[in-house]
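Examining the three-dimensional arrangement
Here is how the chains run, residue by residue.
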Amino acid sequence: MGTTSSFTSCCSLWACRRHIIPSYNNRHVVVAYSLSQRFSPTTKASASASALREKGHVDEEGRNLDGFDLKRRQLALLLVSGVSLISSSAILGFPEAGLAVVKQGLLAGRIPGLSEPDEQGWRTYRRPDEKSGGHGVGWSPIIPYLFFVPQDWEEVPVSIADLGGTEIDLRFASSKEGRISVIVAPVLRFADNLGDDATIERIGTPEKVISAFGPEVIGENVEGKVLSMEVSEHDGRKYYQFELEPPHALITATAAGNRLYLFNVIGNGLQWKRHYKDLKKIADSFRIV
């Protein structure tokens, strides 16, 4: 709190100008980059100027023998002092050397989880153990999951304004192929007797699950939109898989720990027509680790 207050007071004193710097995945960073000439010198800077004049090093206009403007020196001195207050990674969550260049993977909660591409150009995303996002005080850490994705897909920042709010754990997108989202919701939203080792079967049948949670994905009732329902099992865990239309969506649902997982692959008509094979491969690859 003390550091944040120092930053605020410094900005009000300096009359900061702002510069918006685009960064990875369309995130932006606003930083103070210069000061207006409405700045009033501090007592310390004024005293320094007086002392130099008395010793004959500068004239009344603030210029020394080298031709440098003392007023500019005063300004630069205070700019450096102010930047030292705001350059801490504790304020903005960035490394000290990265005020102007901020990489997505270094932001809180945004730890990269992608592997290098394989020979076919596909990468594996595994939710990092260190990634933040407990979804509520008292909840256990989220059990990691993984899926395959073509190498040109990119992670998209998640906003609390998204459908589902903080239950949206991850987004990916490709302008050519479609979108991915992962919803991780506490099972207590649906029943209070599922404990800390829930299974998708205990939450309900495939019909019940898609009727209850499909609207969380597509934003509307799913009645008449479910083209297919399948149940698969991997490493002793069952997964419900659904295809909906319209809108075009592939949904994989399962449970682990005290959470329900909804893995969603969505595309428009053209994307579905051209890239259905890849979209289906993405949807089928989802696993709880």
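In case you missed it, the structure is sitting above this.
Keep in mind it's a predicted model, so treat the numbers as computed, not measured. (Residues numbered from 1 in each chain as written. Predicted model: local features only at pLDDT ≥ 70, side-chain atom pairs only at ≥ 80, totals over all residues. Heavy atoms only, no water.)

With that settled, the discussion passes to helix α7 (residues 269-284). Largest kink in α7: about 85°, centred on His275. Buried residues of α7: Gln271, Trp272, Leu279, Ile282 and Ala283, and no others. The N-capping residue of α7, defined by a side-chain oxygen 3.2 Å from the backbone nitrogen of Leu270, is Asn268. (Bend = angle between axes of the 7 residues up to and from the residue. Helix = DSSP H or I, 4+ residues; strand = E, 2+ residues; numbered from the N terminus. Buried < 20%, exposed > 50% of the residue type's maximum accessible area, 1.4 Å probe, protein only. Polar contact = N/O pair within 3.5 Å; in protein donor to acceptor, adjacent residues only side chain to side chain.)

The next thing to look at is the sheet that holds strand β4 (residues 145-150). One open sheet holds the 3 strands; their spatial order is β3-β4-β12, and the pairing between them is antiparallel. Each edge of the sheet is formed by a strand with only one pairing partner; in this case those strands are β3 (122-126) and β12 (287-288). The sheet contact formed by β3 and β4 spans 5 bridges and is antiparallel. Note that in β4 the partner of Arg123 across the bridge is Val149. Those strands touched by α7 are β3, β4 and β12, and its axis lies near 165° from that of β4. (Pairing = 2+ DSSP bridges. Contact = heavy atoms within 4.5 Å. Axes fitted to C-alpha atoms, helices over the stretch in contact; angles between N-to-C directions.)

A few words on the pairing of strand β6 (residues 168-174). Among the 7 residues in β6, 5 count as buried, and that is most of the element. Alignment of strand β5 (residues 154-155) against β6, held across 2 bridges, turns out to be antiparallel. Counterpart to Glu154 in the pairing with β6 is Ala173. Pairing geometry for β6 and strand β7 (residues 178-186), over 6 bridges, is antiparallel. Residue pairing for β7: Ala173 is matched across the bridge by Arg179. Hairpin geometry of β6 and β7 is characterised by an intervening segment of 3 residues between the two adjacent antiparallel strands.

Counted according to the given criterion, the structure contains 10 aromatic pairs. Taking the centre distance of 5.8 Å and the plane angle of 90° together, the rings of Phe147 and Phe172 count as edge-to-face. Of this pair, Phe147 sits in strand β4 while Phe172 is found in strand β6, placing the two residues 25 residues apart along the sequence. Here Phe147 matches Phe172 in class, with each residue buried. (Phe/Tyr/Trp six-rings, centres within 6.5 Å; stacked < 30°, edge-to-face > 60°.)

Before going further, it helps to spend a moment on unusual backbone geometry. With omega at -20°, the peptide bond leading from Glu245 into Pro246 counts as cis. Mapping Pro246 onto the fold places it in the loop between β9 (237-244) and β10 (248-256). Backbone torsion omega between Pro246 and Pro247 reads -10°, so that peptide bond is classified as cis. For Pro247, the position within the fold is in the loop between β9 and β10. You will see that Asp235, though not glycine, has its phi angle at about 55°, which is positive. Among the structural elements, Asp235 can be located in the loop between β8 (226-234) and β9. By relative accessible area, Asp235 is classed as exposed at 85%.

A separate point is the pairing of β8. Sheet topology note: the β8/β9 ladder contains 8 bridges and is antiparallel. Considered in β9, the bridge of Glu230 is made with Gln241. What sits between the antiparallel neighbours β8 and β9 is a turn of 2 residues, in which Asp235 has the positive phi angle 55°.

Our focus in this paragraph is the environment of Gln271. Within the element layout of this structure, Gln271 appears in helix α7. By relative accessible area, which is 10% here, Gln271 ends up buried. Taking the C-alpha atoms as reference points, Gln271 and Ser175, separated by 96 residues in sequence, lie 9.2 Å from one another. With sequence-adjacent residues up to four places away left out, Gln271 is seen in contact with Ser174, Ser175, Lys176, Glu177, Gly178, Tyr276 and Leu279.

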